[in-house]
Structures are given as C-alpha cells and as structure tokens.
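One letter stands for each residue in the lines below.
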Amino acid sequence: MADPPPAEHDLPPVLISEEAIVQRVAELAGQISSDYAQAGEIVLVGVLKGAFIFLADLARRLTIERRVEFIALSSYPSGARSGAVRLLMDMRCDIRGRHVLVVEDIVDTGSTLRYLLDMLGAREPASLRCCALVRKKERLRSEVEIRYLGFDIPDRWVVGYGLDYRERYRTLPYIGIMDTSEEDGPQDG
Ligand code: IMP
C-alpha cells in the first residue's frame, strides 16, 4: 500500500513556489525553442524518476519538433553520498547524429550528470546539452555545463515537483525544503 498523502500540517515549507516554477519552465522552453529552431528535431532525455514532471511540463511548452525518451540511473547505492552511479534502464532510441537535450530534475554533486553526459557523448549525438531545474551550486564537484538552468538552491534536501524523500512528496506542485538531518537520499533518482 502506498503512503497516504501528507496532511496539511505535514507539508514541507516552500522554497520555490508553483507560480515561480511555471514561469521559469515557460522561460526555459522559450529559450530552448529558439536555440533549436533550426535543428529539425531534438531528443529530450528525461532522467527517472525525478525529472518526469519537469520534462512533461517543459516538453509541452516547446514549439519545436521533439521526441521524448527516458533513462533511469541509480545513485547513492549504499545509502551514503558515495557518488557511484549505475545505469538501471537505457532508452531505445539511437541518438547518433541527433540533437540531444538531457532533462534533469536536480544537480547535486554533478556525478550523475557527468556519468550521463559521458555515456551519451560516446554515442556520437550531433549535439548534447543539459537542462536542469535546480542546482545546489555549493555541492557541485564534477565539471558539468548546465546550458539551461531553472534555479540555484542552497544545500538543503528538497522535495516536490518530481523530487522525493524516500519516495514521498514527488507530486507536490512546488519545491519544498525537507527537514531531515539524515545524510542519505533515495536509492533511485
Ligand atoms: P548528484 O549525482 O550528486 O548530482 O545527485 C543527483 C541525484 O541525487 C538526483 O538525480 C537526485 O536523485 C538525488 N538528489 C540529490 N539531492 C536531492 C534533493 O535535495 N532532493 C531529492 N533528490 C536529490
């Protein structure tokens, strides 16, 4: 049985409001649509599970030809912030010669994104860029370029708009701060 939805008093405090997210997603979609106007088609690669809501909203606001694919990665396998990343599910589409835009929910240390960009880059796409909704700038350790970024956020565990804490809070319409002193996060994105 799934957990019941959180009670009103149990809701995490707002860090980024629903209105701010809607506005920023529209801005990002506008920028991406204009940058790729001549590209023909782009392949959006969403990183499960966290990016499913962001990708759905972003993809529907684009005005260019797009194809939607998903990939699943696992980080923090031992329950600690180890930085190890593993491929759980690949996409079916052959991206060689195509324009690929990775859509990430959150970039923390950057290890997941670095792994993904290296893996996809080896498949020789025509171009490879990343769009991330939020980034914890002070925690970033890997060299990764985020071409399209929603928001920089402080080093706190955040939930909502696809992001979870132990599989809870993913469907909150805003991004909230989770009050936890525990060091481990969810097993799979
Ligand atoms: P990175 O490899 O350290 O950049 O971690 C990226 C992954 O860690 C994300 O795709 C999320 O699954 C998870 N993660 C890191 N910080 C948070 C957070 O504050 N809330 C929810 N998930 C997070």
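This structure is a prediction, so every number in the text was calculated from the model and none was measured.

**Looking at the site of the ligand**
- Taken together, 18 residues lie near the ligand, and Asp-108, Thr-109, Gly-110, Thr-112 and Val-158 sit nearest.
- A distance of 3.4 Å separates an oxygen atom of the ligand from a polar backbone atom of Ser-111.
- Contacts to the ligand include Val-158, whose backbone N or O atom sits 2.7 Å from a nitrogen atom.
- Only strand 5 (99-107) and helix 3 (111-121) provide two or more residues apiece to the shell around the ligand.
- By residue number, the principal contributor to the shell around the ligand is strand 5, which donates four residues.
- Split by residue class, the shell around the ligand holds six nonpolar, six polar and six charged.

**So, the packing of aromatic side chains**
- Inspection of the entire model under this criterion finds zero aromatic pairs.
- Positioned over the ring face of Tyr-169 is Arg-168, at 4.9 Å from the centre of the ring.

**Focus: the sheet that holds strand 9 (residues 175-177)**
- Taken together, the three strands give an open sheet; going across it, the order is 1-9-8, and neighbouring strands pair in antiparallel fashion. Bordering the open sheet on either side are strand 1 (14-16) and strand 8 (158-159), each of which pairs with just one other strand.
- Pairing of strand 1 with strand 9, which is carried by two bridges, proceeds in the antiparallel orientation. Note on strand 9: the bridge partner recorded for Ile-16 is Ile-175.

**Side note on the side chain of Glu-69**
- By the element assignment, Glu-69 lies in strand 3 (residues 65-75).
- A polar contact is formed between the side chain of Glu-69 and the side chain of Arg-67, at a distance of 3.0 Å.
- Ignoring anything within four residues of it in the chain, the contact list for Glu-69 reads Val-43, Leu-44, Val-45, Gly-46, Met-91, Arg-92 and Cys-93.

**A few points about the nonpolar core**
- Ile-32, Phe-54, Leu-58, Val-134 and Ile-175 are the most contacted members of the largest nonpolar core, which has 29 residues in total.
- Setting aside residues up to four positions removed in sequence, Val-134 forms contacts with Ile-16, Asp-105, Ile-106, Val-107, Leu-149, Phe-151, Ile-153, Leu-163 and Ile-175.

**Some remarks on the packing of helix 1 (residues 18-35) against helix 2 (residues 52-61)**
- For the pair helix 1 and helix 2, interaxial distance at closest approach is 9 Å and the crossing angle is 50 degrees. Relative to helix 2, the element helix 1 is oriented oblique. Helix-helix and strand crossings are classified by hand; for helix 1 and helix 2 the assignment is right-handed. For the pair helix 1 and helix 2, contact is made by Val-22, Val-25, Ala-26, Leu-28, Ala-29, Ile-32 and Ser-33 and by Phe-54, Asp-57, Leu-58 and Arg-61, respectively.

**Considering unusual backbone geometry**
- Residue Lys-49 is reached from Leu-48 by a cis peptide bond, and omega for that bond is -5 degrees.
- In this structure, Tyr-161 takes a positive phi of about 50 degrees despite not being glycine.
- The residue Tyr-161 is located in the loop between strand 8 and strand 9 in this model.
- For Glu-167, which is not glycine, the phi torsion reads 70 degrees and is therefore positive.

**Side note on the pattern of salt bridges**
- Tallied over the entire structure, the rule returns 15 salt bridges.
- The shortest N-O distance in the salt bridge between Arg-60 and Asp-57 comes to 2.7 Å. One end of the pair, Arg-60, and the other, Asp-57, are both in helix 2, three residues apart, so they sit about a helical turn from each other.
- What you see here is one network of salt bridges that share partners, running through Lys-49, Asp-164, Glu-167 and Arg-170.

Analysis parameters
Residues numbered from 1 in each chain as written. Predicted model: local features only at pLDDT ≥ 70, side-chain atom pairs only at ≥ 80, totals over all residues. Heavy atoms only, no water. Near = heavy atom within 4 Å. Polar contact = N/O pair within 3.5 Å; in protein donor to acceptor, adjacent residues only side chain to side chain. Helix = DSSP H or I, 4+ residues; strand = E, 2+ residues; numbered from the N terminus. Nonpolar A, V, L, I, M, F, W, Y, C, P; charged D, E, K, R; others polar. Phe/Tyr/Trp six-rings, centres within 6.5 Å; stacked < 30°, edge-to-face > 60°. Lys NZ or Arg CZ within 6 Å of the ring centre and 35° of its normal. Pairing = 2+ DSSP bridges. Contact = heavy atoms within 4.5 Å. Core = buried A, V, L, I, M, F, W, Y, C linked by side-chain atoms within 4.5 Å. Buried < 20%, exposed > 50% of the residue type's maximum accessible area, 1.4 Å probe, protein only. Axes fitted to C-alpha atoms, helices over the stretch in contact; angles between N-to-C directions. Parallel < 35°, antiparallel > 145°, perpendicular 65-115°, else oblique. Left-handed = near helix turned anticlockwise from the far one by under 90°. Salt bridge = Lys/Arg side-chain N within 4 Å of Asp/Glu carboxyl O.

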